[in-house]
Amino acid sequence: MRRFTYHEPDSLTGAIALLEENGAKAKLLAGGTDLIIEIKQEAKTPDHLVSLRSVPGLQDMEYSNRELSFGAMVTHRMIEKSELIREKFSLLSDAVDNLGSVQVRNVATIGGNLCSAAPSADTAAPVMALQATLVVKGPAGERRIPIEDFFKGPGKTALEPAEILCCISIPALPEGAASCYIKHARRKAMDLPLLGIAVIIVPDDNIVCREARIALTLAGPIPFRATKAEAFVTGKPLSRQIWEQAGEIAVSESNPRTSFRTTAEYRKKMICALIPRAAEVALQRINRAWMKG
Amino acid sequence: MDERVMAMKISFNLNGEDVSINIDDHITLLEMLRDSFELYGAKEGCGYGECGSCTVIVDDMAINSCLMLAVSVNGRTVVTVEGLAGPRGELDPLQQAFVDRGAVQCGFCTPGMIMSAKALLKEKSNPGEEEIRKGMAGNLCRCTGYSKIVEAIKCASEGGCSCGKGF
């Protein structure tokens with residue numbers, strides 16, 4: 001591997017200063033499961049790596065006042081093992097369950113997954129659907145970025161130079177909400193999704209949909225919310241037929257591409273198929289079924 | 001660039017022993033284990049975290065040593081396959097199970113398989129077959145000897161298996 005200087009600052013201020021000082025020659029190192037590969041392949045050639053490993057607080061995970069917040073260095077494995085997340089934010093558990101391998105999940109971080117901004121990032125759709133706020137710190141101080149403003153393009157985010165994602169903050173879901181993320185991939189492990197579908201449903205007592213959130217990855221250059229499909233299902237009975245129509249509406253909002261993994265056409269067909277399926281799995285999780293008819 | 005700043009003195013626990021070494025910043029944990037400590041159990045298969053043959057245990061977690069920088073194990077605990085056997089060379093029950101169940105073919109993936117399985121059993125003493133397969137999903141065997149590997153891990157687990165050898 002190409003040579004570089006490794007820094008392990010023990011404070012966020014120190015990390016920001018190192019990034020400022022070294023500019024484009026420096027890269028932030030979280031878990032390294034993407035970055036080290038890119039350095040090996042010489043796709044990235046930083047002279048300085050600034051590790052966040054010794055910055056305190058970035059591995060904390062807390063649920064209080066109906067808000068889940070976790071540090072950017074929380075690993076996928078920590079999320080996978082969290083019973084609280086599985087119970088209250090099950091779509092997030094779905095997203096990490098089949099990401100990479102145990103070895104990858106043990107070191108890869110949610111902050112890294114979001115900031116790499118790969119179109120295939122498994123946590124992106126759930127975090128979009130969960131309406132997360134990202135707390136970032138940089139030379140100009142702290143600011144909060146709503147997740148819908150974060151992704152700017154493949155590999156591009158709203159982070160300014162020397163800004164660091166510190167914390168991801170997620171509001172609790174409304175009472176009675178159900179959720180599911182489907183990673184559509186060819187293999188169960190060590191694979192990237194062909195499509196990622198996150199669905200959150202809040203049903204009322206009569207199985208009418210009070211609120212719905214649908215977020216998609218790989219259905220366009222960046223993750224997005226299918227807001228027209230969401231509006232269509234809101235206030236309507238939770239029936240298969242209506243959600244199949246929602247799938248078609250979501251396709252009209254999508255702009256998937258043909259890549260070496262699969263075609264745009266296939267992705268569109270799977271958006272149609274998987275949106276109702278994700279909704280059905282979500283309902284099953286709260287012991288509900290589709291309304292008949 | 002100044003060569004001097006690109007190396008670091010690190011201290012960590014390796015297979016039960018406290019060690020210190022000066023290591024260049026860009027060296028991976030796998031390279032350090034093999035080239036500096038002459039521990040050749042962990043192997044480089046793909047070098048990109050896909051195959052798992054470089055798997056070692058850091059702070060009780062199975063990780064791909066080809067993707068971890070050596071400098072980042074400073075202050076941590078590293079266990080390689082060489083650290084499993086007892087003081088008189090007696091095999092770990094998991095290693096013995098691999099031998100008894102014929103879970104080794106060419107052997108290239110075996111140290112990684114064993115370290116992944118070790119971490120898995122530490123976390124879950126009696127995993128079911130699906131849990132074993134999921135836990136081992138990051139380890140590839142080019143000989144495709146997966147059934148025997150799963151059996152061996154089941155054998156070495158708390159519940160044992162029905163092969164009669166048990167542990």
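Keep in mind the model is a prediction, meaning the values are calculated, not measured. In this numbering scheme, every chain counts its residues from 1 along its sequence in written order. Here the convention is simple: chains get letters from A, ligands get numbers from 1, in the order in which they are written. This being a predicted model, a pLDDT of at least 70 is required before a residue's local features are given, and a value of 80 or more before pairs of side-chain atoms are given or counted; all residues contribute to the totals for chains, interfaces and linings. As a rule here, side-chain values come from all non-hydrogen atoms in the structure, and water together with hydrogens is ignored.

1. Brief notes about the overall build of chain A
For step 1, the next point in the chain: Helix numbering and strand numbering both begin at the N terminus, where a helix is a DSSP run of H or I of at least 4 residues and a strand a DSSP run of E of at least 2. Scanning chain A from N- to C-terminus turns up 11 helices and 14 strands.
For step 2, the next point in the chain: Each of the three principal axes of chain A carries a C-alpha extent, and together these read 65 × 45 × 35 Å.
For step 3, the next point in the chain: When checking whether two residues touch, look at their non-hydrogen atoms; a contact exists if any pair is within 4.5 Å. A separation threshold of at least 6 residues defines the contact pool for chain A, and within that pool the share at least 24 residues apart is 62%.
For step 4, the next point in the chain: In this description, accessible areas are obtained by the Shrake-Rupley approach with a 1.4 Å probe, and a residue is regarded as covered only by the protein chains that are shown. Approximately 12300 Å² of chain A is accessible, and the part contributed by carbon and sulfur atoms is 48%.

2. Overview of the environment of aspartate 47 of chain A
For step 1, the next point in the chain: Here aspartate 47 of chain A shows up in the loop between helix 2 (35-40) and strand 3 (48-51).
For step 2, the next point in the chain: In the structure, aspartate 47 of chain A is positioned 161 residues away from valine 208 of chain A in sequence and 56 Å away in space, judged by C-alpha atoms.

3. Description of the interface of chain B and chain A
For step 1, the next point in the chain: With 35 residues of chain B in contact, the opposing surface of chain A contributes 31 residues.
For step 2, the next point in the chain: Buried area: the accessible area, evaluated with a 1.4 Å probe, that two parts lose upon being put together, summed over both parts. Between chain B and chain A lies a buried interface of about 2700 Å² when both sides are counted; carbon and sulfur atoms form 56% of it.
For step 3, the next point in the chain: Basic side-chain nitrogens of Lys or Arg form a salt bridge, by our definition, when they fall within 4 Å of a carboxyl oxygen of Asp or Glu. Taken together, the connections running from chain B to chain A amount to four salt bridges.
For step 4, the next point in the chain: One salt bridge connects lysine 81 of chain A with glutamate 123 of chain B, and the closest N-O pair in it is separated by 3.1 Å.
For step 5, the next point in the chain: Throughout this description, a polar contact denotes any pair of N or O atoms lying within 3.5 Å of each other; where both atoms belong to protein, one of them has to be capable of donating a hydrogen while the other can accept it, and for residues adjacent in sequence the pair is counted only when both atoms sit in side chains. Across the contact surface, chain B and chain A share 13 residue pairs in polar contact (both at pLDDT 80 or more).
For step 6, the next point in the chain: When contributions to the side of chain B that touches chain A are tallied by element, the ones reaching two or more residues are strand 4 (61-64), helix 3 (110-123) and helix 4 (129-135) of chain B.
For step 7, the next point in the chain: Its residues assigned to classes, the side of chain B that touches chain A shows 14 nonpolar, 13 polar and eight charged. Think of it as three bins: nonpolar holds Ala, Val, Leu, Ile, Met, Phe, Trp, Tyr, Cys and Pro, charged holds Asp, Glu, Lys and Arg, and polar takes everything else, Gly as well.

4. Observations regarding the sheet that holds strand 14 (residues 224-225) of chain A
Residues and elements named next belong to chain A.
For step 1, the next point in the chain: Strand order across the open sheet formed by four strands is 11-12-13-14, with antiparallel pairing between neighbours. A single partner strand is all that each edge strand has here, and the edge strands are strand 11 (178-184) and strand 14.
For step 2, the next point in the chain: Relative to strand 14, strand 13 (residues 209-217) is paired through two bridges, and the arrangement is antiparallel. Its bridge partner lying in strand 14, alanine 215 is registered against arginine 225.
For step 3, the next point in the chain: Docked against the sheet, helix 10 (residues 240-253) engages strand 12 (195-203), strand 13 and strand 14, running at close to 40 degrees with respect to strand 13. Paired strands are those between which DSSP finds at least two bridges. Fitting a line to C-alpha atoms yields each axis, with helices limited to the stretch in contact; the angle taken between N-to-C directions then spans 0 to 180 degrees.

5. Quick notes on the nonpolar core
For step 1, the next point in the chain: Formed by 39 residues in total, the largest nonpolar core has its most connected members in Leu92, Ile168 and Ile170 of chain A.
For step 2, the next point in the chain: Listed by contribution, the elements that provide at least two residues to this core are strand 5 (67-71), helix 5 (90-97), helix 7 (110-116), helix 8 (124-129), strand 6 (133-138), strand 10 (164-171) and strand 12 of chain A.
For step 3, the next point in the chain: Start and end points for every domain follow an automatic or database-based domain assignment. Each of two domains, domain 2 (61-171) and domain 3 (178-285) of chain A, supplies a minimum of three residues to this core.
For step 4, the next point in the chain: To qualify as a nonpolar core, a set must consist of buried Ala, Val, Leu, Ile, Met, Phe, Trp, Tyr and Cys residues joined through side-chain atoms within 4.5 Å. When a residue's accessible area, from a 1.4 Å probe over protein chains only, is under 20% of the maximum for its type it is buried; when over 50% it is exposed; and in between it is partly exposed. In terms of nonpolar packing, the next biggest core, distinct from the first, is built from 34 residues, Leu14, Leu29, Ala42 and Ile63 of chain B among them.

6. Structural notes on the domain arrangement of chain A
Residue and element names in this part refer to chain A.
For step 1, the next point in the chain: Each assigned domain of chain A is listed with its residue range as follows: domain 1 (5-51), domain 2 (61-171) and domain 3 (178-285).
For step 2, the next point in the chain: Taking the mean C-alpha position of each, domain 2 and domain 3 sit 20 Å from one another.
For step 3, the next point in the chain: Carbon and sulfur atoms make up 60% of the surface buried where domain 2 meets domain 3, a total of about 1900 Å² over both sides.
For step 4, the next point in the chain: Summed over the shared surface of domain 2 and domain 3, the number is two salt bridges.
For step 5, the next point in the chain: Aspartate 122 serves as the salt-bridge partner of lysine 183, at 2.9 Å between the closest nitrogen and oxygen.

7. Concerning the sheet that holds strand 7 (residues 141-146) of chain A
Residue and element names in this part refer to chain A.
For step 1, the next point in the chain: Sheet architecture is open: five strands sit in the order 4-5-10-6-7, paired in antiparallel fashion. In the strand order of this sheet, the two ends are held by strand 4 (61-64) and strand 7, each with one partner. Each adjacent strand pair in this sheet contributes to an overall mean axis angle of 20 degrees, direction not counted.
For step 2, the next point in the chain: Note that strand 4 and strand 5 share four bridges and pair antiparallel. Within strand 5, the residue paired with methionine 61 across the bridge is phenylalanine 70.
For step 3, the next point in the chain: Strand contacts of helix 1 (residues 12-22): strand 6 and strand 10, with the helix running at about 130 degrees to strand 10, the strand carrying the most contacts.

8. Things to note about helix 3 of chain B
Residue and element names in this part refer to chain B.
For step 1, the next point in the chain: To estimate the expected span of a helix, subtract one from its residue number and multiply by 1.5 Å. In this model helix 3 runs 20 Å from its N-terminal to its C-terminal C-alpha over 14 residues, within 8% of the 20 Å that 1.5 Å per residue would give.
For step 2, the next point in the chain: The element helix 3 is extensively covered by neighbouring structure, given that 11 of its 14 residues are classed as buried.
For step 3, the next point in the chain: Residues of helix 3 that are buried: Thr110, Pro111, Gly112, Met113, Ile114, Met115, Ser116, Ala117, Ala119, Leu120 and Leu121.

9. Section: the environment of isoleucine 132 of chain B
Residue and element names in this part refer to chain B.
For step 1, the next point in the chain: Note on placement: isoleucine 132 falls in helix 4.
For step 2, the next point in the chain: Taking the C-alpha atoms as reference points, isoleucine 132 and aspartate 59, 73 residues apart in sequence, are found 21 Å from one another.
For step 3, the next point in the chain: Setting aside residues up to four positions removed in sequence, isoleucine 132 forms contacts with Leu120, Pro127, Val150, Ile153 and Lys154.

10. Notes on helix 11 (residues 264-285) of chain A
Residues and elements named next belong to chain A.
For step 1, the next point in the chain: Over its 22 residues, helix 11 runs 31 Å from end to end, which matches the ideal 32 Å to within 8%, given 1.5 Å per residue.
For step 2, the next point in the chain: The angle between axes fitted to the seven residues ending at a residue and the seven residues starting there is what we call the bend at that residue. If you look at helix 11, its biggest bend is around 25 degrees, right at leucine 274, and the proline proline 276 turns up within four residues after that.
For step 3, the next point in the chain: Among the residues of helix 11, those classed as buried are Ala264, Arg267, Met270, Ile271, Leu274, Ile275, Pro276, Ala278, Ala279, Ala282 and Leu283.
For step 4, the next point in the chain: Of the surrounding elements, those touching the buried residues of helix 11 are strand 11, strand 12, strand 13 and helix 10.
For step 5, the next point in the chain: Just beyond helix 11, the residue with positive phi is asparagine 287, at close to 55 degrees.

11. Notes on the pairing of strand 10 of chain A
All names here are of chain A.
For step 1, the next point in the chain: The element strand 10 is largely enclosed, with a buried count of six among its eight residues.
For step 2, the next point in the chain: Here strand 5 pairs with strand 10 via five bridges, running antiparallel. Residue pairing for strand 10: phenylalanine 70 is matched across the bridge by isoleucine 168.
For step 3, the next point in the chain: Examined bridge by bridge, strand 6 and strand 10 share five bridges and lie antiparallel to one another. Paired with lysine 137 across the strands is isoleucine 164, a residue of strand 10.

12. Topic: the packing of helix 2 (residues 93-100) of chain B against helix 5 (residues 146-156) of chain B
Residue and element names in this part refer to chain B.
For step 1, the next point in the chain: It is at 8 Å that the axes of helix 2 and helix 5 come closest, and there the two elements cross at 135 degrees. In this view, helix 2 runs oblique relative to helix 5, as classed from their interaxial angle. Relative to helix 5, helix 2 is oriented so that their crossing is right-handed. Note on element contacts: helix 5 touches helix 2 through Ile149, Ala152, Ile153, Cys155 and Ala156, opposite Pro93, Leu94, Ala97 and Phe98. An angle counts as roughly parallel when it lies under 35 degrees, as roughly antiparallel when it exceeds 145, as roughly perpendicular when it falls between 65 and 115, and as oblique in every other case. By convention, the crossing between two helices is left-handed when the near helix turns anticlockwise from the far helix through less than a right angle, and right-handed when the turn is clockwise.

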